[in-house]
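Residues per chain, in single letters:
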Amino acid sequence: MTLSSKLSDPRLLRQYAYVDGKWTHGEGGREEAVFDPATGEALGHIPWLEPHQITAAVDAAEAAFMHWRALRVDERCERLLAWYDLLQAHREDLATIMTLEQGKPLPDARGEVEYGASFVRWFAEEGKRTFGDTIPSHIPNAALGTLKEPLGIAALITPWNFPLAMITRKAAAAMAAGCTVIVKPAGETPFSALALAELAERAGIPAGVFNVVLGDPPEVSRILCAEDRVRVLSFTGSTRVGRLLLEQCANTVKRVSLELGGNAPFIVGPDMDPREAAFAAVAAKFQTAGQDCLAADRILVHESIHDAFVVHFAERMAALTVGNGLEPEIDLGPLIHRQAVEKAASIVDDAISKGATLVAGDQSQAPGENFFMPVLLTNVTRDMKIWHEESFAPVAGITAYANDDQVIEMANDTEYGLAAYLYTHDIRRIWKIMRALEFGMVSVNSVKMTGPPVPFGGVKHSGLGREGGVTGIDEYLETKYYCLGALGSVSGS
Ligand SMILES: NC(=O)c1ccc[n+]([C@@H]2O[C@H](COP(=O)([O-])OP(=O)(O)OC[C@H]3O[C@@H](n4cnc5c(N)ncnc54)[C@H](O)[C@@H]3O)[C@@H](O)[C@H]2O)c1
Ligand SMILES: N[C@@H](CC=O)C(=O)O
């Protein structure tokens with residue numbers, strides 16, 4: 001059965017790039033297959049655009065920018081709201097596309113469609129609030145102030161683990177600000193991006209405002225980074241690629257926003273009920289089969305409750321079901337591809353060879369070659385890869401600690417600084433540890449922390465800038481200061 005036959009609106013499955021309002025094939029004959037990670041079946045093909053076609057997308061975005069920025073902001077925001085309504089109306093098809101190309105269970109895919117759509121509505125509202133300032137003047141007879149203006153063309157490069165929401169969190173902010181965008185989705189999950197383009201067109205978003213280019217990642221990124229007309233690069237993906245792109249943007253001095261990898265500590269205080277904390281840790285570790293920048297990578301449990309916590313964690317983990325995300329009652333889908341499975345296995349082997357204890361995790365039960373059964377390791381120490389690397393796999397590692405100062409030092413012992421979890425009901429401990437954690441986001445007694453109103457982003461090697469929230473739109477705006485001089489006597493100046 002083909003992908004399009006599973007959709008109630010088969011036109012949402014597009015196998016072309018989308019440039020200047022037109023579905024565009026490659027001119028050099030290069031293409032790439034897109035696979036269902038659960039079955040290994042090819043879902044379809046996408047063309048790779050040639051370099052001059054990427055430049056044509058920049059031409060289109062440049063031409064569209066003049067008109068898009070000149071629209072009244074409420075007109076721009078109306079189009080975004082129409083886009084939001086269409087995302088909601090087609091959420092089932094969007095979720096099906098996502099599960100097929102990414103692998104996450106259908107309920108999680110539905111959740112991501114809701115989450116992704118919520119950014120479109122949020123920025124359709126925030127777009128109307130891009131206020132400048134008036135400045136009390138230090139210059140005689142002058143009025144001073146600031147205006148917020150769109151930066152221009154934004155290039156948005158996104159990953160495969162959240163193939164829809166990572167686009168809308170950027171694109172809706174940029175478009176509400178008056179920028180035009182060129183999206184380069186991950187080659188593993190282009191169909192969610194192309195369905196977004198189809199719905200943008202139906203929502204009346206003009207040609208050239210929302211473009212999706214496809215191609216060889218380093219080639220496309222090099223062109224977009226070197227283009228002077230592209231004034232913002234917003235990237236979500238690995239720290240390794242983020243560093244490369246930051247360097248490539250230096251020559252054109254563009255605004256760079258980076259949402260990079262994480263290695264979240266999950267700290268459990270001695271006052272916690274070990275069962276409650278263990279169940280929360282399982283939820284924080286295994287979402288999207290561990291392929292989540294917020295995944296609880298290092299679980300740090302006070303020594304007084306460590307053993308009970310491990311028992312409850314193992315019990316809860318054993319109840320997780322692994323299988324094709326299209327089937328009912330599945331908790332963990334496949335990993336994105338075979339290399340991800342090999343990386344997960346190497347992280348487990350490395351830990352065991354350095355003294356970790358394998359409590360659970362039997363790979364002989366895996367239902368297919370891209371699946372990895374959840375693993376629980378205890379006695380995890382700092383010399384292991386699992387401590388330092390973002391595992392991006394369903395591998396949980398637990399370490400015992402003795403006191404608050406020690407756990408703060410352990411939690412901060414990473415180059416990453418995206419998110420941290422803290423479970424304790426002691427208010428003094430919460431305040432002390434929360435303040436000392438070197439992370440952009442700290443979630444206390446809650447697994448869920450994200451959503452459109454919050455400033456999402458990391459410190460250290462986890463990135464630059466914040467997405468969402470009231471400041472997310474600023475990533476796409478420039479402040480213009482004005483001085484209106486020689487006005488005669490200006491009261492209050
Ligand atoms: N901080 C966040 O908000 C956030 C959210 C989601 C994912 N992530 C991170 O994303 C990573 C997983 O995603 P991924 O594997 O797709 O990341 P990735 O860095 O491999 O790829 C991200 C994007 O960059 C492109 N790319 C890959 N290699 C490139 C190169 N050499 N030059 C230019 N472009 C290149 C890819 O095609 C894709 O579009 C994890 O590290 C995860 O933590 C971060
Ligand atoms: N779960 C994150 C994406 C990271 O992979 C989010 O909520 O944005």
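Residue positions are given per chain, counted from 1 along the sequence in the order it is written. Whichever chain is written first is A, and whichever ligand is written first is 1; the rest continue in order. The predicted nature of this model means local features are confined to residues of pLDDT at least 70 and side-chain atom pairs, given and counted, to a pLDDT of 80 or more, with totals for whole chains, interfaces and linings taken over all residues. Hydrogens and waters are ignored; side-chain quantities use all the structure's heavy atoms.

Can you walk me through the packing of aromatic side chains in this structure?
The geometry of two aromatic rings is summed up by the distance between their centres and the angle between their planes. In this scheme Phe, Tyr and Trp rings, the latter by its six-membered ring, pair at centre separations within 6.5 Å, and the angle between planes marks the pair as stacked below 30 degrees, edge-to-face above 60, and tilted otherwise. In the structure shown here, the tally under the stated rule is eight aromatic pairs. Ring centres of Trp83 and Phe210 lie 5.3 Å apart, and the angle between their planes is 65°; this geometry places the pair in the edge-to-face category. On the criterion of sequence distance, the pair formed by Trp83 in helix H2 (residues 73-89) and Phe210 in strand E9 (residues 210-212) is long-range, its members being 127 residues apart. A 1.4 Å probe rolled over the protein chains alone gives each residue an accessible area, and that area as a share of the maximum for its type sets the label: buried under 20%, exposed over 50%, partly exposed in between. According to the relative accessible area criterion, Trp83 is buried, its value standing at 0%. Overall, Phe210 belongs to the buried group, its relative accessible area being 2%. Ring geometry for Trp160 against Phe392: centres 5.7 Å apart, planes inclined by 80°, an arrangement best described as edge-to-face. Highlighted residues: Trp160 in the loop between strand E7 (153-157) and helix H5 (165-177) and Phe392 in the loop between helix H12 (385-388) and strand E16 (395-401), separated in sequence by 232 residues. A single burial state applies to Trp160 and to Phe392, both of which are buried. Counting every residue linked through ring pairs, the aromatic cluster contains Phe266, Tyr421 and Tyr423. Placement of a positive charge over a ring is assigned whenever Lys NZ or Arg CZ falls within 6 Å of the ring centre and within 35 degrees of the normal to the ring plane. Geometry around Phe456 places Arg169 over its ring, the cationic atom sitting 3.9 Å from the centre. The ring of Trp387 carries Arg298 above its face, with NZ or CZ at 5.2 Å from the centroid. Only runs of H or I of at least four residues qualify as helices and only runs of E of at least two qualify as strands under DSSP, and these elements are numbered from the N terminus.

Explanation requested: the UniProt feature "domain: Aldehyde dehydrogenase" (unreviewed entry) in the protein chain in the structure shown.
UniProt positions are given in the numbering used here, feature names are shortened, and annotations may be inferred rather than shown by experiment. Mapped onto this numbering, the UniProt entry annotates "domain: Aldehyde dehydrogenase" (unreviewed entry) at residues 23-481. What you have in residues 23-481 is 39% helix and 20% strand, and the ends, taken at the C-alpha atoms, are 40 Å apart.

Honestly, the site of ligand 2 in this entry has me stumped. Any pointers?
Here a residue is considered near a molecule or strand provided that any single heavy atom belonging to it is located within 4 Å of it. Lining the immediate environment of ligand 2, one finds Tyr115, Asn161, Phe162, Met166, Arg169, Asp292, Cys293, Leu294, Thr450 and Phe456. Between ligand 2 and the protein, one listed contact pairs an oxygen atom with a side-chain N or O atom of Arg169 at 2.8 Å. Nitrogen and oxygen atoms within 3.5 Å of one another constitute a polar contact, given that in protein one can donate a hydrogen and the other can accept it, and given that sequence-neighbouring residues count only through two side-chain atoms. Within the contact set of ligand 2, an oxygen atom lies 2.9 Å away from a backbone nitrogen or oxygen of Cys293. Accessible surface area values rest on a Shrake-Rupley calculation with a 1.4 Å probe, where residue burial reflects the displayed protein chains alone. Compared with its free state, where it exposes 260 Å², ligand 2 has 95% of that area covered by protein. Residue polarity follows a fixed list, in which Ala, Val, Leu, Ile, Met, Phe, Trp, Tyr, Cys and Pro are nonpolar, Asp, Glu, Lys and Arg are charged, and the others, Gly among them, are polar. Its residues assigned to classes, the shell around ligand 2 comprises six nonpolar, two polar and two charged. An automatic or database domain assignment supplies the residue ranges for each domain. Both domains that furnish three or more residues to the shell around ligand 2 are identified here as domain 1 (4-261 + 457-480) and domain 2 (264-415 + 419-444).

Just checking my understanding: could you explain the domain arrangement of the protein chain for this structure?
A common way to state how big an interface is: give the accessible area lost once the parts meet. Examined at the domain level, the protein chain breaks down into domain 1 (4-261 + 457-480) and domain 2 (264-415 + 419-444). Inter-centroid distance (C-alpha atoms) of domain 1 to domain 2 is 31 Å. The contact criterion used is simple: two residues touch if any of their non-hydrogen atoms lie within 4.5 Å. Residue-level contacts link 26 residues of domain 1 with 26 residues of domain 2. In total, domain 1 and domain 2 occlude about 2000 Å² of area from one another, counting both sides; carbon and sulfur atoms represent 59% of this. Buried area is a sum: the accessible area each of two parts loses on coming together, probed at 1.4 Å, counted once for each and added. It is Pro37, Trp160 and Lys460 that lose the most area in domain 1 upon contact with domain 2, and together they represent 25% of the buried surface on that side.

When you look at the site of ligand 1 in this model, what are you seeing that I'm missing?
Neighbouring residues of ligand 1: 29 residues in total, closest Thr158, Lys184, Ser238, Leu260 and Glu390. Taking Glu390, its side chain carries an N or O atom lying 2.5 Å from an oxygen atom of ligand 1. A total of 840 Å² of accessible area belongs to ligand 1 in isolation, and the protein chains cover 89% of it. Elements that contribute at least two residues to the shell around ligand 1 include exactly H5, helix H7 (217-226), strand E10 (230-236) and helix H8 (239-248). Per-domain counts for the shell around ligand 1 show at least three residues from each of domain 1 (4-261 + 457-480) and domain 2 (264-415 + 419-444).

Could you clarify how one ought to interpret the sheet that holds strand E14 (residues 357-360) in this entry?
In sheet architecture, strand pairing relies on hydrogen bonds along the backbone and comes in two forms, parallel and antiparallel. The sheet built from seven strands is open, its strands ordered E14-E15-E16-E13-E12-E17-E18 with mixed pairing. Only two strands of the sheet have a single partner each, and these edge strands are E14 and strand E18 (441-444). The average undirected angle you get between the axes of adjacent strands in this sheet is 25°. Should DSSP find at least two bridges between two strands, the strands are taken to pair. Relative to E16, strand E13 (residues 296-302) is paired through four bridges, and the arrangement is parallel. Note that in E16 the partner of Leu300 across the bridge is Thr399. Between N-to-C directions, angles cover 0 to 180 degrees, with each direction set by a line fitted to C-alpha atoms, over the stretch in contact for helices. The strands touched by helix H14 (residues 427-436) are strand E12 (264-268), strand E17 (419-423) and E18; relative to E17, the strand with the most contacts, the crossing angle is about 165°.

When you look at the pairing of E17 in this model, what are you seeing that I'm missing?
Across a regular strand the side chains alternate sides, sitting on one face of the sheet and then on the other. Counting buried positions along E17 yields five of five residues, so the element is predominantly enclosed. Side chains Ala419, Tyr421 and Tyr423 project from E17 onto one buried face, and the interleaved Ala420 and Leu422 project onto a second face that is buried too. Where E12 lies against E17, three bridges are found, and the strand directions are parallel. If you follow Val268 over to E17, its bridge partner there is Tyr423. Here four bridges tie E17 to E18, and the two strands are oriented parallel to one another. Counterpart to Tyr421 in the pairing with E18 is Ser443. Remark: the E17/H14/E18 crossover connection has right-handed handedness. Orienting the strands away from the viewer, one traces the path from the first strand over the helix to the second; a clockwise path indicates a right-handed crossover.

What is the right way to read the nonpolar core from this model?
The set of buried Ala, Val, Leu, Ile, Met, Phe, Trp, Tyr and Cys residues whose side-chain atoms join them within 4.5 Å is what this entry labels a nonpolar core. Within the largest apolar cluster, 91 residues are counted, with the highest numbers of intra-cluster contacts made by Trp83, Met175 and Phe210. Setting aside residues no more than four positions away along its own chain, Trp83 makes contact with Val120, Ala171, Met175, Leu196, Leu199, Ala200, Ala203, Ile205 and Phe210.

Honestly, the UniProt feature "active site" (unreviewed entry) in the protein chain in this entry has me stumped. Any pointers?
Those places that UniProt annotates as "active site" (unreviewed entry) correspond, in this numbering, to Glu259. Along the polypeptide, Glu259 turns up in strand E11 (residues 255-259). Assessed through its relative accessible area of 2%, Glu259 is described here as buried. Other than its neighbours up to four places away in sequence, Glu259 contacts Lys170, Phe235, Thr236, Gly237, Leu418, Phe456, Gly457, Gly458, Ser462, Gly465, Arg466 and Glu467.

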